[in-house]
Amino acid sequence: LRPYGIIIDRDNMPWAVAFGGNKLLQIFPATMSLAEIDLPDPKSRPRRLVSTSNGDIWYVDFELGRLGRYSPIRNEFSEWSMPGGEDSRPYGMAVDRNDRIWIVETGTQPNRMVGFDSASGSFLNETDIPSGAISVRHMYYHEPAGEVWFGTDSNYIGRAKVH
């Protein structure tokens, strides 16, 4: 399965992706059991996850260039093609206090940070990362400053003011 990109949701439940497959993994700490949730496309290769305040689980599909949402409450998926298309290779992601999702497309050079409004289901802006980045793998939203911090394979640490 190659578990990858683990997060804790609003209900303190761990989630991960199966990077070696096309699954979301929900972990039940009380029993140490695992639910495998198949993504809609068998060719999907998810990498990172975030959870919004409504409990939805969001993932990026590195292979197909998509942003996806899984609603555990409705057991339902929705997917959006990234602005950079199939070759965008979305990787790092973070969610801010307004449930906007910030994603880096690593398939382009320079890498590009893309915003997504989870409420309206629409992409916001696209901004090239000045260092080029090579790849942004990890991102962290720091709420007091309204900033997303990230590390790059080009040996830089980046900061994006998102509100």
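Our subject is the structure listed above.
Quick caveat, the model's predicted, so the values are computed rather than measured. (Residues numbered from 1 in each chain as written. Predicted model: local features only at pLDDT ≥ 70, side-chain atom pairs only at ≥ 80, totals over all residues. Heavy atoms only, no water.)

Peer 1: How should the side chain of aspartate 96 be read in this particular structure?
Peer 2: By secondary structure assignment, the location of aspartate 96 is in the loop between β9 (90-95) and β10 (100-105). Among the polar contacts made by the side chain of aspartate 96, one reaches the side chain of tryptophan 102 at a distance of 3.0 Å. In contact with aspartate 96, not counting residues within four places along its chain, are Trp102, Tyr141, Val162 and His163. (Helix = DSSP H or I, 4+ residues; strand = E, 2+ residues; numbered from the N terminus. Polar contact = N/O pair within 3.5 Å; in protein donor to acceptor, adjacent residues only side chain to side chain. Contact = heavy atoms within 4.5 Å.)

Peer 1: Got a minute to help me understand a nonpolar patch on the surface in this structure?
Peer 2: Side chains of Tyr140, Trp149 and Ile157 sit close together on the surface and give an oily, nonpolar patch of about 380 Å² of accessible area. If you trace the backbone, tryptophan 149 turns up in strand β14 (residues 147-152). (Patch = residues over 30% accessible without salt bridge, like charges linked within 9 Å, V, L, I, M, F, W, Y side chains within 5 Å. Areas by Shrake-Rupley, 256 points an atom, 1.4 Å probe, with all protein chains shown as cover. Salt bridge = Lys/Arg side-chain N within 4 Å of Asp/Glu carboxyl O.)

Peer 1: In this structure, what is going on with the nonpolar core? I would like to understand it.
Peer 2: One broad trend across soluble globular proteins is that nonpolar side chains are buried collectively. Met113, Val136, Met139 and Val148 are the most contacted members of the largest nonpolar core, which totals 13 residues. Residue assignment for this core shows that the elements contributing at least two residues are β10, β13 (136-142) and β14. With three residues, β13 is the largest single contributor of residues to this core. Setting aside residues no more than four positions away along its own chain, valine 136 makes contact with Tyr91, Gly92, Val104, Thr106, Asn111, Ile129, Phe150, Gly151 and Thr152. Of all hydrophobic cores here, the second largest spans 12 residues; its members include Leu67, Met93, Val95 and Val114. (Core = buried A, V, L, I, M, F, W, Y, C linked by side-chain atoms within 4.5 Å. Buried < 20%, exposed > 50% of the residue type's maximum accessible area, 1.4 Å probe, protein only.)

Peer 1: Would you explain the sheet that holds strand β4 (residues 33-38) in this entry?
Peer 2: Through backbone hydrogen bonds, the strands of a sheet pair up, either in parallel or in antiparallel fashion. Pairing is antiparallel across the open sheet formed by four strands, whose spatial order is β1-β2-β3-β4. Looking at which strands have only one partner, the edges of the open sheet turn out to be β1 (3-8) and β4. Taken pair by pair, the neighbouring strands of this sheet meet at an average axis angle of 25°, ignoring direction. Pairing geometry for strand β2 (residues 14-18) and strand β3 (residues 23-28), over four bridges, is antiparallel. For valine 17, the partnering residue across the bridge sits in β3 and is leucine 24. (Pairing = 2+ DSSP bridges. Axes fitted to C-alpha atoms, helices over the stretch in contact; angles between N-to-C directions.)

Peer 1: When you look at the sheet that holds strand β12 (residues 122-128) in this model, what are you seeing that I'm missing?
Peer 2: The strand order across the open sheet formed by four strands is β9-β10-β11-β12, and the pairing between neighbours is antiparallel. Among the strands making up the open sheet, the edge pair consists of β9 and β12. The average undirected angle you get between the axes of adjacent strands in this sheet is 20°. In this structure, β9 lies alongside β10, joined through four bridges in antiparallel fashion. What sits directly across from valine 95, in β10, is isoleucine 101.

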